[in-house]
Amino acid sequence: MPLSSDPIWYRDAVFYELHVKSFYDSDGDGIGDFRGLTMKLEYLKDLGVDCIWLLPFYQSPLKDDGYDISDYYGILPQYGTIDDFKEFIRAAHSKNIRVIADLVLNHVSDQHPWFKEAKSSKESSKRGWFVWSDDDQGYPAAPIIFRDVEISNWAWEPVSRQYYWHRFYSHQPDLNYDNPEVREEMKRVVRYWLSMGLDGFRCDAAPYLFEREGTNCENLDETHAYFKELRNIIDREFPGAILLAEANEWPNEAKRYFGNEDEFHMVFNFPLMPRIYLGLASESSAPIINIVDQTLPIPKTCDWGIFLRNHDELTLALVTDEERDIMFQAYAGNPKMRLNLGIRRRLAPMVDNDRPTIELLHGLLFSLPGTPILYYGDELGMGDNIFLGDRNGVRTPMQWSYDRNAGFSRADSEQLYLPVVINPNFHYENINVESESRLPTSLLNWVKKMIRVRKKFSDVFGHGSMEFLEHRNKKVLAYMRRLENSGMLCIFNLSRKPTYVELDLSRFRGLRPIEAITDAKFPQISDRPYFFTLPPRAFFWFNLKLDDGEED
Ligand code: GLC
């Protein structure tokens, strides 16, 4: 089946984020690989995934799980060969699944030959590829991101006796985008992987490419200009490919990454994500309404990427101190669950494995304006392991079955890159693809069904307008998605208690709400307020159709 030729295919798509390392180990060395991933494509197809986002698979000393690249043109041998990669892309495309990959533009590993060369002497030909200074005082307004481990964005290089600039770990020196050679080299990287068949990139750490004194070195015009150049390459040479920005910024800055439809196709909705959880913790629709209002409208061909969790800590950089306290209390009681300004947990354990809450979160994910992006394993309700360091607790092997190593690998268990989850509440013997596939009521089957429903109504969800409905119960979030004659009324009870809401739907008088997941018919809308009761954390999607006159 050929890939769809729709240039804005991403608006109707469901994305799935995974790490090659974590998905399936085909050769029994304890580490997932491209051949293994290729073997599991049918699972992703069956789930309803349209686009896979691959975490970094390039050569790397793996001090930041591959975000520390030592060769942009090579694949880490544990994950396979270039031929394995090409075969994976071919197989994915044959199933009508696109593939995007991480593009780490901002920094490299200190083991990269470019940096090794650059630090060898001030006269090195690569010296200008990085950002150097005699002191560590420059750019004081740039925040430290990994604040649990780094005390400065400058690190001392003892051989050539200068400081170098790094926004992340000190082993990740920032590239100097003022240097035209750097700008050209990274364009070469982009062309290299797109020529290999990749369908685009998730651009890591997008805001930080350039530095300027007197600014916080984020979202600078120069940075936007560079992304526009990359977009231009894509539009001219690789039409259909996309750029997705990781820009953990407030709405006014995040929106700028769409440019004038000439920069990013997609941007992660970082402002929205924590407010979904805040809405639940505070049992109030206000945080979600406020932020969605700030994130819309966006240009026509652009799209938000919506997500509940990813491979990082759930970042709380974009909430107030007070809101952060509420979130820490609700979702990360144990300090081990926190990292930097965030919460290093998976979705299901974070909400105490409460099925209605997990379902409600997906009800939001699949109906708010934007493309849903799932994190591998969350469709199973996979647990985490907060006793593993850094963000490793949410990066454990995918759970396929109740066999040894959750069916992920035939290696000895102690050889796995990380241990599988055996906490009794989330034990892989229960939470795995095989067991859940057999159980009609499992989370996996439920998520699969929701993806089908989302796709059935992908016109209105992927392209429709967004309007919040006013009413008097702040625990209830109610909105309409609309496109031409289709309308989807979405109602969520954010509280832990049953509740009710009266909505003025009189302008839809004569229409009859049909619950979108089960097709259950509700009474015709009249001029009177429409009354809904909602169990704790329940949600409804109602398709508003002209009354067909049928009885219940
Ligand atoms: C991004 C990645 C994160 C990584 C960091 C540095 O935020 O999502 O995993 O550590 O960039 O590359």
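Residues numbered from 1 in each chain as written. Predicted model: local features only at pLDDT ≥ 70, side-chain atom pairs only at ≥ 80, totals over all residues. Heavy atoms only, no water.

**Q** Got a minute to help me understand the pattern of salt bridges in this structure?
**A** In a structure, side chains of opposite charge can pair up when their charged atoms sit close to one another. On inspection of all chains with the given rule, the structure shows 34 salt bridges. A salt bridge links Asp46 to Arg452; its shortest N-O distance comes to 3.9 Å. Pair noted here: Asp46 is in helix α3 (residues 41–47) and Arg452 is in helix α15 (residues 443–456), with a separation of 406 residues, a long-range link. Between Asp321 and Arg324 there is a salt bridge, with the nearest N and O atoms lying 3.0 Å from each other. Taken together, the residues span about one helical turn, with Asp321 and Arg324 both in helix α11 (residues 321–331) at a distance of three residues. Classification of Arg324 by relative accessible area gives buried; the value is 12%. One connected set of salt bridges, linked through shared partners, spans Lys21, Asp64, Asp65, Asp312, Asp390, Arg391 and Arg395. (Salt bridge = Lys/Arg side-chain N within 4 Å of Asp/Glu carboxyl O. Helix = DSSP H or I, 4+ residues; strand = E, 2+ residues; numbered from the N terminus. Buried < 20%, exposed > 50% of the residue type's maximum accessible area, 1.4 Å probe, protein only.)

**Q** Help me understand the pairing of strand β4 (residues 71–75), please; the structure alone is not making it clear to me.
**A** Looking along a regular strand, one sees the side chains alternate between the two faces of the sheet. The element β4 is extensively covered by neighbouring structure, given that four of its five residues are classed as buried. Both strand β3 (residues 58–59) and β4 contribute to a ladder of two bridges, which runs antiparallel. Note on β4: the bridge partner recorded for Tyr58 is Ile75. (Pairing = 2+ DSSP bridges.)

**Q** What is the right way to look at the side chain of Thr357 in this model?
**A** In this structure, Thr357 sits in helix α13 (residues 355–365). Judged by its relative accessible area of 2%, Thr357 is buried. Separated by 3.1 Å, the side chains of Thr357 and Arg537 make a polar contact. Ignoring any residue separated from it by four or fewer positions in sequence, one finds Thr357 in contact with Leu280, Val351 and Arg537. (Polar contact = N/O pair within 3.5 Å; in protein donor to acceptor, adjacent residues only side chain to side chain. Contact = heavy atoms within 4.5 Å.)

**Q** Explain the site of the ligand to me, please; I cannot follow it from the model alone.
**A** The local shell around the ligand holds 13 residues, among which Asp64, His107, Asp204, Glu246 and Asp312 are the closest. In this structure, Asp64 approaches the ligand through a side-chain N or O atom, which is 2.7 Å from an oxygen atom. Here an oxygen atom of the ligand and a side-chain polar atom of Arg391 are 2.9 Å apart. Considered on its own, the ligand offers 310 Å² of accessible surface; in the complex 96% of this is hidden by protein. (Near = heavy atom within 4 Å. Areas by Shrake-Rupley, 256 points an atom, 1.4 Å probe, with all protein chains shown as cover.)

**Q** For this particular structure, what's the right way to read the sheet that holds strand β15 (residues 342–343)?
**A** In sheet architecture, strand pairing relies on hydrogen bonds along the backbone and comes in two forms, parallel and antiparallel. One open sheet holds the three strands; their spatial order is β13-β15-β14, and the pairing between them is antiparallel. The open sheet is flanked by β13 (314–315) and β14 (338–339), the only strands paired with a single partner. Judged from the two bridges that link them, β14 and β15 form a sheet pairing that is antiparallel. Paired with Arg338 across the strands is Ile343, a residue of β15.

**Q** Sorry if this is basic, but what is going on with the side chain of Asp303 here?
**A** In this structure, Asp303 sits in strand β12 (residues 303–307). The side chain of Asp303 is buried and forms no salt bridge, while Arg11, the nearest opposite charge, is found at 4.4 Å. Side-chain polar atoms of Asp303 contact the side chain of Thr371, separated by 2.3 Å. Apart from residues lying up to four places away in sequence, Asp303 is in contact with Tyr10, Arg11, Phe258, His265, Met266, Val267, Ile298, Gly370 and Thr371. (Lys, Arg positive; Asp, Glu negative; His and termini not counted.)

**Q** Which parts of the structure should I look at to understand the environment of Phe210?
**A** Secondary-structure assignment places Phe210 in the loop between β9 (200–204) and α7 (221–237). In this structure Phe210 comes out as buried when scored by relative accessible area, which is 5%. Considered as a pair, Phe210 and Asp174 are 36 residues apart in the sequence and their alpha carbons are 9.3 Å apart. Ignoring anything within four residues of it in the chain, the contact list for Phe210 reads Tyr177, Asp178, Arg183, Cys217, Leu220, Glu222, Thr223 and Tyr226.

**Q** What is the right way to read the sheet that holds strand β11 (residues 266–268) from this model?
**A** One closed barrel holds the eight strands; their spatial order is β1-β2-β5-β9-β10-β11-β12-β16, and the pairing between them is parallel. Pairs of neighbouring strands in the sheet enclose a mean axial angle of 25°, with direction left out of account. Across four bridges, the pairing between strand β2 (residues 51–54) and strand β5 (residues 98–104) is parallel. Within β5, the residue paired with Ile52 across the bridge is Val99. (Axes fitted to C-alpha atoms, helices over the stretch in contact; angles between N-to-C directions.)

**Q** When you look at α11 in this model, what are you seeing that I'm missing?
**A** The α-helix advances 3.6 residues per turn, and as a result positions three or four apart in sequence lie on the same side. Among the residues of α11, Arg324, Met327, Phe328 and Tyr331 are the ones counted as buried. Projected onto a plane normal to the axis of α11, the buried residues spread over an arc of 100° and lie on a single side. Turned more than 90 degrees away from the buried face of α11, the exposed residues are Glu322, Asp325 and Gln329. Those residues of α11 that are buried lie in contact with α9 (272–281), β13, β14, β15 and α12 (347–350). (Arc of directions from axis to C-beta.)

Scope: geometric values only; no functional claims are made or implied.
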